[in-house]
Every structure is written in structure tokens, then in C-alpha cells.
Amino acid sequence: MTKKFSVPRGTSDILPEDISLWQEIEAISRNLLDIYNYKEIRTPIFEEIGLFKRSLGQTSDIVNKQLLQLASEKEEGFVLRPEGTASVVRSYIENGLDRKDNLSKLFYFGQMFRGERPQKGRLRQFNQVGVEAIGPNTCSPYLDAEVISLSVTLLEAFGVKDYELKINTLGTLEDKENFSKMLKNGLKDKISNLCDDCRDRFNRNVFRILDCKSSRCQEVVADLKEDNSYLSEESLQYYNKVKEALDILGVKYKECSNLVRGLDYYTHVVFEISSSSLGSQNALGAGGRYNSLVSQLGGSAVDAVGFALGIERILLAIEGKKVSNIKLLDCYVIALDESLFQKAFEILKTLRESGISADISYKATSLKNQMRYANKSCARKTIILGQDELEKGLITLKDMETGEQLQCSFEEIVNKIKE
Ligand code: HAM
């Protein structure tokens, strides 16, 4: 028997019947992002592996376990992008965007790839809509608040009702170092209580222990006496201003001292939006400030903040919301026998050139059959072309909703359909 192929695990087809929801998500995003003055950027879906190692960090789960490398590439090579931030920063530096604008407000849509064990809401290929605001001397609590507020405004515009926004601050790179020391101090006597992964994380990336899903690690973490003492006075003040600006915008948030995010590039404010309706993979989106990444990747000292929302998870969160606008076809052209196709084809071309969406069955089967195709295409009108009509220079135009029929000349067709 001939082998049938299946879609790879952790990926999915988006069929024509589901596409309107995706298009709606994209249209809502474009509209809002335009209102906030963000411009679209498109980068390749694969990049040098070193880009992600250097930006996300050697010890991050993504770099350690989830990068999908292109098999044909020898040596270090290329990987499918696991996220958008590093690529956007690479492009920002490479194209000298800092010389063009003081603040580059960029957004992207696109597929991301992570070699994870697939489960509900955790895919190997998934889509993000993301925002990155990058520019020299642009570190402002108002920009942070705007970016955070934009992420929840987008979610609400998509119809997500049940969500929680958590925020925290990591401070500067120096503060982060202090935070790491403080955590190690608090955890050093409890290493044996941690799961295998977290024992390893203790030395490699102690922050990751804070968001480990294992219940034994969560118990250890719950006992930790954390406070803000790792933050400098300046960082603390900055964080307070972000919260004030969020209050001005009316954004509701919960402070969460365990929120550290799994990627190395973050400094200062970090945030995550989750939905309790989603089970274990409950993050709808996340982001934060990353003031050192541009210089770490060879660019100038430039500030940056951004977020990304996972579209598949958003669709799970709004499950049940049906998009009713099935796309209608303006006109279906029926030729009653093969010899009439040349004229039918001409009519089809004229319709399309006049901006009328139109289709044809490409084979002169019975009228009944072709009417069925017209119905399946959700055609508003149908043109029927028979031998007698062709000789008189006429066609029959049927309104598919009312069933009314009329005859008109070839020249009148476009106007009659547009009526
Ligand atoms: P992230 O938290 O890794 O952040 O991903 C953002 C969102 O992408 C997640 O909250 C989730 O909704 C979705 N997502 C992640 N992995 C998967 C997966 N395997 N399957 C389905 N959905 C997934 C970033 O990617 C950062 N680049 C965000 C950012 C932008 N920070 C600053 N700027």
C-alpha cells in the first residue's frame, strides 16, 4: 500500500475553514499596532545558531534542548528561529536602524520553532505576534508601561477575557548578579530537595529553579525568603515608576517575585500573561526589557523592550468564538457545454479584472452539478451561458439568495453584478 504522509507532530495545518480566525487575529493586530505607531519587520525563519546562544543564553532551555538545526548544515550552522527578539536585534544592528530612528517601534508575525515534546498548547512550530521597541536612550518607564498595556489590549481585542498579568523586575545586570547570589544563598542547603534538572540549574542558571513545574521544587521555592534587596535604589525607583505608569493606564497586574523568565537577555521589568483556562501551558504571552542585548550582539549601547504573544494559545483561550464571516464569492460562471468555454473564460477574465471575485468549474458537467459547485463556493450570483444565449450575445444571471433570474448582454454583466 502507498504510504500516506502525516503532518509532523507538534505542527498543524490551518485549513481554509479556519483561516478567517487567523486573518482576524492578524487584522486586529495590524490595526492596533498601527494606532500605537509600530512598523512591521520580517526576518528569515533561520539564523546562525550563535545568535541564539549569545542572546538567549547557553543555559536556557531553548538553547540547551529545543533548537532545531538544519541537518544539511555542517559545523555550527543554522537553526530554525525559536523566537523573534534575537533576529530583530540582529537585523536592527545589521541595517543600522539606530541611525535612522531614535526609537524603532517594530512588530512581527511569524512561525517560531522549538524542539519540545508536543502537548496541548506546546508545539514544535507555533506562531507569535511580537513587538520590539529599540533605541538609544529610550529606557523609560512610560515605554515599558505602554508595551505591557499594548500586550493586554491586544489580548482583549482578540476576545481573551480570563487572563492574569504578572510583573517583576530583575534590575540591571549588576542587580541580576546580586539576585543570583541571593538565590544561591537561600537554596544552597536545600539542593538535595530539588529535582534533577534544578540541581543542575543551581550552578548553571539558578533563576530557572524559580519557575520549575515540579512540586518538590515549588515547595522549596515557596520557603525562600526573597525580597527586593538585590535591587539598587535606582532600579527600585524605576520599577516603582513603571507600576505608576501602569496604574495611569488602568492596567491591572500582580507583582510576582518568582517571575524571572527563562531567557538571559532580560533586565529590569519582566512580565507574563497567563490564562487559567489553558492547563499547564498557560502562558499566552510574555516579555520585558533587555537593555544589554544590542551591545552584547555587537551593536551600540541601546535600550529595548518588547513582548510576544503565542497565537495558538490565544486561539485555545478563545475557543468557541466562531467567526461568522464566511467569504462569499461574487460570481460563479457556468458554461453548459465544452464549446462555450472560450466565451465563459473571457467573461471570467473580465469579471476578475473589474475586481469581482469569480470562479468556474473548468469542466462542462450538468447544470445541476455546476449549480452545486456554485452553492459550495458561497456564490452570491451565477452566470449561466448556453448555446442559444451565446448566439444572441446574452447570459442568464441568477441571484443565488432570492433565486431571481434575468438576462443581460455581455457588456452589462459587470454593472449588474455590482448592483
Ligand atoms: P516566550 O515566553 O518564550 O518569549 O514566548 C512567548 C509566547 O510564545 C509564550 O507565552 C507562548 O504563548 C508562546 N509559545 C512559546 N513556546 C511555545 C510553544 N512551544 N508552543 C506554542 N506556543 C508557544 C519570547 O519568545 C520572547 N521573544 C518574548 C519577548 C519579546 N521578549 C522581549 N521581546
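Quick summary incoming for the structure in this document. (Residues numbered from 1 in each chain as written. Predicted model: local features only at pLDDT ≥ 70, side-chain atom pairs only at ≥ 80, totals over all residues. Heavy atoms only, no water.)

It is worth spelling out the nonpolar core at this point. In this structure, Ile134, Phe179 and Ile209 are the most contacted members of the largest nonpolar core, which totals 52 residues. Those residues in contact with Phe179 that lie beyond four places of it in its chain are Leu170, Phe207, Leu210, Glu226, Tyr230, Ser257 and Val260. (Core = buried A, V, L, I, M, F, W, Y, C linked by side-chain atoms within 4.5 Å. Buried < 20%, exposed > 50% of the residue type's maximum accessible area, 1.4 Å probe, protein only. Contact = heavy atoms within 4.5 Å.)

Let us now look at the site of the ligand. Of all residues adjacent to the ligand, which total 25 residues, the nearest are Glu83, Thr85, Glu116, Glu132 and Tyr266. With respect to the ligand, the backbone of Leu284 contributes an N or O atom lying 3.1 Å from an oxygen atom. Between the ligand and Gly310, the relevant distance is 3.3 Å, taken from an oxygen atom to a main-chain nitrogen or oxygen of the residue. Burial of the ligand by the surrounding chains reaches 96%, relative to a free accessible area of 660 Å². Sorting the residues of the shell around the ligand by element identifies β6 (125-135), β10 (283-289) and β11 (303-310) as the ones contributing at least two each. A per-element tally of the shell around the ligand places β10 first, with 6 residues. The residue inventory of the shell around the ligand, partitioned by class, reads 10 nonpolar, 8 polar and 7 charged. (Near = heavy atom within 4 Å. Polar contact = N/O pair within 3.5 Å; in protein donor to acceptor, adjacent residues only side chain to side chain. Areas by Shrake-Rupley, 256 points an atom, 1.4 Å probe, with all protein chains shown as cover. Helix = DSSP H or I, 4+ residues; strand = E, 2+ residues; numbered from the N terminus. Nonpolar A, V, L, I, M, F, W, Y, C, P; charged D, E, K, R; others polar.)

Summed over all chains, the structure comprises 1 cavity of 30 Å³ or more. In this structure, the largest cavity encloses a volume near 50 Å³. If you trace the largest cavity, you find it lined by Leu170, Lys176, Asn205, Phe207, Val260, Arg261, Gly262, Leu263 and Asp264. In terms of residue class, the lining of the largest cavity is built from 4 nonpolar, 2 polar and 3 charged. (1 Å grid on protein atoms, 1.4 Å probe; cavity = no way out; pocket = protein on both sides within 12 Å on 5 of 7 lines; lining within 4 Å. Points joined across faces, edges and corners; volume = space filled by probe spheres on them.)

So, about the packing of helix α2 (residues 49-56) against helix α4 (residues 85-94). Axis separation between α2 and α4 bottoms out at 10 Å; the angle between their running directions is 105°. Considered as vectors, α2 and α4 are oriented roughly perpendicular to each other. The residues of α4 that touch α2, namely those facing Leu51, Phe52 and Ser55, are Ala86, Ser87 and Arg90. Counted by class, the contact of α2 with α4 contains 3 nonpolar, 2 polar and 1 charged residues. (Axes fitted to C-alpha atoms, helices over the stretch in contact; angles between N-to-C directions. Parallel < 35°, antiparallel > 145°, perpendicular 65-115°, else oblique.)

This paragraph deals with the pattern of salt bridges. Applying the stated criterion to the full structure yields 22 salt bridges. We note a salt bridge from Arg199 to Asp196, for which the minimum N-O separation is 3.7 Å. Taken together, the positions of Arg199 and Asp196, both in helix α8 (residues 196-204) and 3 residues apart, correspond to about one turn of that helix. With a relative accessible area of 35%, Arg199 lands in the partly exposed category. Overall, Asp196 belongs to the exposed group, its relative accessible area being 59%. Note that Arg204 and Asp200 form a salt bridge whose closest N and O atoms lie 3.2 Å from each other. (Salt bridge = Lys/Arg side-chain N within 4 Å of Asp/Glu carboxyl O.)

We now examine unusual backbone geometry. A negative phi angle is the norm for most residues apart from glycine, just as the trans form is the norm for most peptide bonds. Positive phi, normally seen in glycine, also occurs at Asn137, with a value near 55°. For Asn137, the position within the fold is in the loop between β6 and α6 (141-158). Taking the relative accessible area as the measure of exposure, Asn137 reaches 76% and is therefore exposed. A positive phi is found at Tyr362, a non-glycine position, where the angle reads about 70°. Here Tyr362 shows up in the loop between β13 (358-360) and α14 (367-376).

Summed over all chains, the structure comprises 0 disulfides. Considering cysteine sulfurs only, Cys212 is the nearest to Cys256, which forms no disulfide, with 15 Å between them. With no disulfide partner, Cys331 has as its closest neighbouring cysteine sulfur the one in Cys408, 9.7 Å distant. Look at Cys331 and you get buried, because its relative accessible area is 0%. (Disulfide = S-S within 2.5 Å.)

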